[in-house]
Amino acid sequence: MADLSPQELRVLAAVADSGGFSAAGALLGLSQSAVSHSVRGSEAKVGAVLFERGRGGASPTPAGERAVVLARRILRMYEVLGAEARGAGRDTVAGVLRIASFRSAALHLLPPALERLTARHPGIRPEVRVVRELGAGTAGEVAAGRADLAIATLNAGGGGVGGGVGGATGATGSVPAGAAAPGRLLTGVLREEAYALVHPAGHPDPRSLPLLDWDENCGSYTRDWWRAQDWIPRATVKAEDDGMVLTMVGRGLGMAILPELSLREATDAVDITGLGPSGPVRHVGYVTAPESASTLAVRALIRELRSEAG
């Protein structure tokens, strides 16, 4: 099979990202015919149809989806090659560092780590995207080649992606900790977070209150514990995120069970009660691709994250 050139890889990624040949051409400064010719040439080299063409545009076939993921990751290695070579032996690195994170980690775990990282390496330019931990979650951004590292919820029990607790129906983006994540990614645990009961301050019987929840508050690491608690009702209110849940609890609208990072935003309007040694624990960690794990920027960020996690 003939090798695909970097330009051919860029065209594949652009078609997938934009959903059509004309839109991809506009992104790359090429004509539609040039994009079409490039895709046909790539398909001939690969020996598979990579895109389904239709009136609504172009969508990747299963072969195309895999090819696009690899194209993004290969192109990323082209981008970091120069920075890696220049930084070798000098303990410094420059360039964009793409990070995906769920909301509470982006608010409380990432900022101090990034502050130290950029102080030590002023040339690094972090780009952070907040991604909900649903479906593929933050780990999916790494698997798709859109992020160099993700802060994700990890399932230390190795049970894979879990369903919702407390009535949540969406599957989380949690991945097994300490092993290969989906797409042969690498993971590492940064911190363990105990869940706690949070309820309106001074309420005489918080367990009598309705349960407030959000779709991301789920995972196989909490399901078994949750189902064994006969005092926890099915969630009657679903909020957009954990911050909204905390605000609603403070307004006296119900109780919630939240992990430590989410409770960093708690005010005097709520009381927090531990769930004891048998309560659920969430594992928060990083996810990265094998080729990214060896780069100077990702290694430096992981060091700072581990330092921040204690």
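Above: the structure in question.
Now for a quick tour of the structure. (Residues numbered from 1 in each chain as written. Predicted model: local features only at pLDDT ≥ 70, side-chain atom pairs only at ≥ 80, totals over all residues. Heavy atoms only, no water.)

Some remarks on the overall build of the protein
1) Next: Secondary structure assignment for the protein yields 11 helices and 13 strands.
2) Next: Just so you have it, the protein exposes about 14,100 Å², and 53% of that area is on carbon and sulfur atoms. (Helix = DSSP H or I, 4+ residues; strand = E, 2+ residues; numbered from the N terminus. Areas by Shrake-Rupley, 256 points an atom, 1.4 Å probe, with all protein chains shown as cover.)

Comments concerning helix α1 (residues 6-18)
1) Next: With 13 residues, α1 extends 18 Å between its outermost C-alpha atoms, agreeing within 8% with the 18 Å of an ideal straight helix rising 1.5 Å per residue.
2) Next: Buried residues of α1: Glu 8, Leu 9, Val 11, Leu 12, Ala 13, Ala 14 and Val 15, and no others.
3) Next: Summarising the contacts, the buried residues of α1 are in contact with α2 (21-28), α3 (32-46), β1 (51-54), β2 (57-60) and α4 (62-87).
4) Next: Gly 19 lies just past α1 and shows a positive phi near 85°. (Expected span 1.5 Å × (residues − 1). Buried < 20%, exposed > 50% of the residue type's maximum accessible area, 1.4 Å probe, protein only. Contact = heavy atoms within 4.5 Å.)

Comments concerning the environment of Leu 246
1) Next: Along the chain, Leu 246 falls in helix α9 (residues 242-250).
2) Next: Distance from Leu 246 to Ala 266, taken between C-alpha atoms, is 6.9 Å for residues 20 residues apart in sequence.
3) Next: Apart from the residues within four sequence positions on either side, Leu 246 is in contact with Val 198, Leu 258, Ser 262, Leu 263, Glu 265, Ala 266 and Val 270.

What to know about the nonpolar core
1) Next: Residues Leu 97, Leu 149, Ile 151, Leu 301 and Leu 305 are the most contacted members of the largest nonpolar core, which totals 24 residues.
2) Next: The leading source of residues in this core is helix α11 (residues 296-309), at six residues.
3) Next: The contacts of Leu 149, once residues within four sequence positions are left out, are Arg 98, Ile 99, Ala 100, Val 142, Tyr 286, Val 287, Thr 288, Val 298, Leu 301, Ile 302 and Leu 305.
4) Next: Counting 13 residues, the second-largest nonpolar core is a separate cluster that includes Ala 239, Leu 246, Leu 258 and Val 270. (Core = buried A, V, L, I, M, F, W, Y, C linked by side-chain atoms within 4.5 Å.)

Structural notes on α3
1) Next: Between its first and last C-alpha, α3 extends 21 Å over 15 residues, near the 21 Å set by a 1.5 Å rise per residue.
2) Next: Of all the residues in α3, the buried ones are Val 35, Ser 36, Ser 38, Val 39, Ser 42 and Glu 43. The buried residues of α3 occupy an angular sector of 160° when the element is viewed end-on, so they sit on one face. Turned more than 90 degrees off the buried face of α3, the exposed positions are Ser 33, His 37 and Ala 44. (Arc of directions from axis to C-beta.)

Overview of the pairing of strand β11 (residues 256-259)
1) Next: Of the two faces of β11, the one carrying Ala 256 and Leu 258 and the one carrying Ile 257 and Pro 259 are both buried.
2) Next: Alignment of strand β8 (residues 185-200) against β11, held across four bridges, turns out to be antiparallel. Bridge pairing links Leu 197 to Ile 257 in β11. (Pairing = 2+ DSSP bridges.)

Concerning the side chain of His 121
1) Next: Assignment of secondary structure puts His 121 in the loop between α6 (110-120) and β4 (124-130).
2) Next: Not counting the four nearest positions on each side in its chain, His 121 is found in contact with Asp 91, Thr 92, Val 93 and Ala 300.

Some points on a nonpolar patch on the surface
1) Next: A surface patch of nonpolar side chains, about 240 Å² in accessible area, is lined by Leu 27, Leu 28 and Leu 30.
2) Next: Along the chain, Leu 27 turns up in helix α2.
3) Next: For Leu 27, a relative accessible area of 60% puts it in the exposed group. (Patch = residues over 30% accessible without salt bridge, like charges linked within 9 Å, V, L, I, M, F, W, Y side chains within 5 Å. Salt bridge = Lys/Arg side-chain N within 4 Å of Asp/Glu carboxyl O.)

A closer look at the pattern of salt bridges
1) Next: Evaluation of the coordinates by the stated rule reveals 18 salt bridges.
2) Next: A salt bridge links Glu 265 to Arg 103, with the nearest nitrogen and oxygen atoms 2.8 Å apart. Of the two residues, Glu 265 is situated in the loop between β11 and β12 (270-274) and Arg 103 in helix α5 (residues 103-108); the sequence distance between them amounts to 162 residues.
3) Next: Residue classification places Glu 265 among the partly exposed positions, given a relative accessible area of 29%.
4) Next: Connected through salt bridges with shared partners, the residues Arg 76, Glu 79, Arg 98 and Asp 148 form a single ionic network.

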